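Residue-level listing of the chains:
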Amino acid sequence: AAGVIQSPRHLIKEKRETATLKCYPIPRHDTVYWYQQGPGQDPQFLISFYEKMQSDKGSIPDRFSAQQFSDYHSELNMSSLELGDSALYFCASSFSGTGTMSKYFGPGTRLTVL
Amino acid sequence: DAKTTQPTSMDCAEGRAANLPCNHSTISGNEYVYWYRQIHSQGPQYIIHGLKNNETNEMASLIITEDRKSSTLILPHATLRDTAVYYCIAPNFGNEKLTFGTGTRLTIIP
């Protein structure tokens, strides 16, 4: 079965650079969630989108922005990168019609800021 | 979200049943209990969820107490690949996002 696709899988950037992470949800899924997981930490919710509209917002820095496109894929844009942004970034998707919170996570993008 | 409390870590022998407890004494009547796990550096994986009744799927069983204040995730025949951090989550009704707490680090011993 198709899973959530994230690209790139690994990304190395310098401080103050920008990065764009992409997420392709499972076909027919209309909701996308972004999570950040720092070293030794639990995943932290950043932001979510339902039908291309922002549906919830967590502890996402102002330097980060995200959007969901008409094909339901989503991009997380990160500017003025800091060393502390080094983390695993997970995208998850779900279909609102199921009425449950069963979410399916991608393999993650490992961002390293030097 | 309802506060959940889980043991920090547990060990289980390979081939035995792994029983992971979770306390959620403040859970409301319409809030589900969800279990996810995260194998090292992989994306979290949905396991099972329930409201009142016990649930079983191909991965695990979920036993919820009658008063709904606690639940137990059961992996019937643990394998080495079940070594992971297991999260019990009870999101507020209508809250779509998942909030991960500390979870239980389960280690399967050969």
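Residues numbered from 1 in each chain as written. Chains lettered and ligands numbered in written order. Predicted model: local features only at pLDDT ≥ 70, side-chain atom pairs only at ≥ 80, totals over all residues. Heavy atoms only, no water.

Draft legend 1. Just the overall build of chain A, in detail. What chain A contains, in helices and strands, is zero helices and 11 strands. Seen in sequence order, chain A has helices and strands lined up from the N terminus as β-β-β-β-β-β-β-β-β-β-β. For chain A, whose C-alpha radius of gyration is 13 Å, the value lies close to the compact-globule estimate of 13 Å for 114 residues. Expressed as lengths along the three principal axes of its C-alpha atoms, the size of chain A is roughly 40 × 25 × 25 Å. In chain A, 53% of the contacts between residues at least 6 apart in sequence involve partners at least 24 apart. (Helix = DSSP H or I, 4+ residues; strand = E, 2+ residues; numbered from the N terminus. Rg over C-alpha atoms; globule rule 2.2 N^0.38 Å. Contact = heavy atoms within 4.5 Å.)

Draft legend 2. A look at the layout of surface pockets. In this structure, the largest pocket encloses a volume near 500 Å³. Lining the largest pocket we find 24 residues, and of these Gln 37, Gly 40 and Gln 41 of chain A together with His 40 and Arg 105 of chain B sit closest to its centre. Counting residues per element, the ones that place at least two in the lining of the largest pocket are β9 (87–94) and β11 (109–113) of chain A together with β8 (84–89) and β9 (104–109) of chain B. In terms of residue class, the lining of the largest pocket is built from eight nonpolar, 13 polar and three charged. (1 Å grid on protein atoms, 1.4 Å probe; cavity = no way out; pocket = protein on both sides within 12 Å on 5 of 7 lines; lining within 4 Å. Points joined across faces, edges and corners; volume = space filled by probe spheres on them. Nonpolar A, V, L, I, M, F, W, Y, C, P; charged D, E, K, R; others polar.)

Draft legend 3. How the structure looks around the state of the cysteines. Residues and elements named next belong to chain A. Summed over the entire model, instances satisfying the criterion amount to two disulfides over all chains. The disulfide partner of Cys 23 is Cys 91, and the gap between their sulfur atoms is 1.7 Å. Its torsion about the S-S bond being -50°, the disulfide of Cys 23 and Cys 91 is classed as left-handed. In this pair, Cys 23 sits in strand β3 (residues 19–24) while Cys 91 sits in strand β9, placing the two residues 68 residues apart along the sequence. (Disulfide = S-S within 2.5 Å.)

Draft legend 4. Inspection of the sheet that holds strand β6 (residues 61–64) of chain B at higher detail. All names here are of chain B. In space, the four strands of this open sheet follow the order β2-β7-β6-β5, with antiparallel pairing throughout. Edge positions in the open sheet fall to β2 (18–23) and β5 (55–56), since each of these has one partner strand only. Sheet analysis places β6 next to strand β7 (residues 70–75), joined by four bridges and oriented antiparallel. Of the residues in β7, the one forming a bridge with Ile 63 is Thr 72. (Pairing = 2+ DSSP bridges.)

Draft legend 5. Broad picture of the interface of chain A and chain B. Listed by partner, the interface residues are 18 residues for chain A and 18 residues for chain B. When chain A packs against chain B, the two sides together hide about 1,500 Å² of surface, and 53% of this comes from carbon and sulfur. Scanning the region where chain A abuts chain B turns up one salt bridge. Residues Lys 97 of chain B and Asp 56 of chain A are paired through a salt bridge, measuring 3.3 Å at the closest nitrogen-oxygen approach. Our enumeration of links across chain A and chain B arrives at six residue pairs in polar contact (both at pLDDT 80 or more). The biggest single contributor to the side of chain A that touches chain B is strand β4 (residues 31–37) of chain A, with three residues. Of the residues assigned to the side of chain A that touches chain B, the class counts are 10 nonpolar, four polar and four charged. (Buried area = accessible area lost by both parts, 1.4 Å probe. Salt bridge = Lys/Arg side-chain N within 4 Å of Asp/Glu carboxyl O. Polar contact = N/O pair within 3.5 Å; in protein donor to acceptor, adjacent residues only side chain to side chain.)

Draft legend 6. Representation of the packing of aromatic side chains within the structure. Enumeration over the complete set of coordinates arrives at 11 aromatic pairs over all chains. An aromatic cluster is defined as three or more aromatic residues linked by ring pairs; in this entry it consists of Tyr 35, Phe 45, Tyr 104 and Phe 105 of chain A together with Tyr 36, Tyr 46, Tyr 87 and Phe 100 of chain B. For the cation-ring pair, Arg 28 of chain A lies above Phe 95 of chain A, with the distance from its terminal atom to the ring centre recorded as 5.0 Å. (Phe/Tyr/Trp six-rings, centres within 6.5 Å; stacked < 30°, edge-to-face > 60°. Lys NZ or Arg CZ within 6 Å of the ring centre and 35° of its normal.)

Draft legend 7. Summary view of the environment of Tyr 72 of chain A. All names here are of chain A. Tracing the backbone shows Tyr 72 in the loop between β7 (64–68) and β8 (74–78). Using a relative accessible area of 24% as the deciding quantity, one classes Tyr 72 as partly exposed. Each C-alpha atom, one on Tyr 72 and one on Lys 15, is 30 Å from the other, the two residues being 57 residues apart in sequence. If we ignore the near neighbours within four places in the chain, the residues touching Tyr 72 are Pro 25, His 29, Asp 30, Val 32 and Glu 51. (Buried < 20%, exposed > 50% of the residue type's maximum accessible area, 1.4 Å probe, protein only.)

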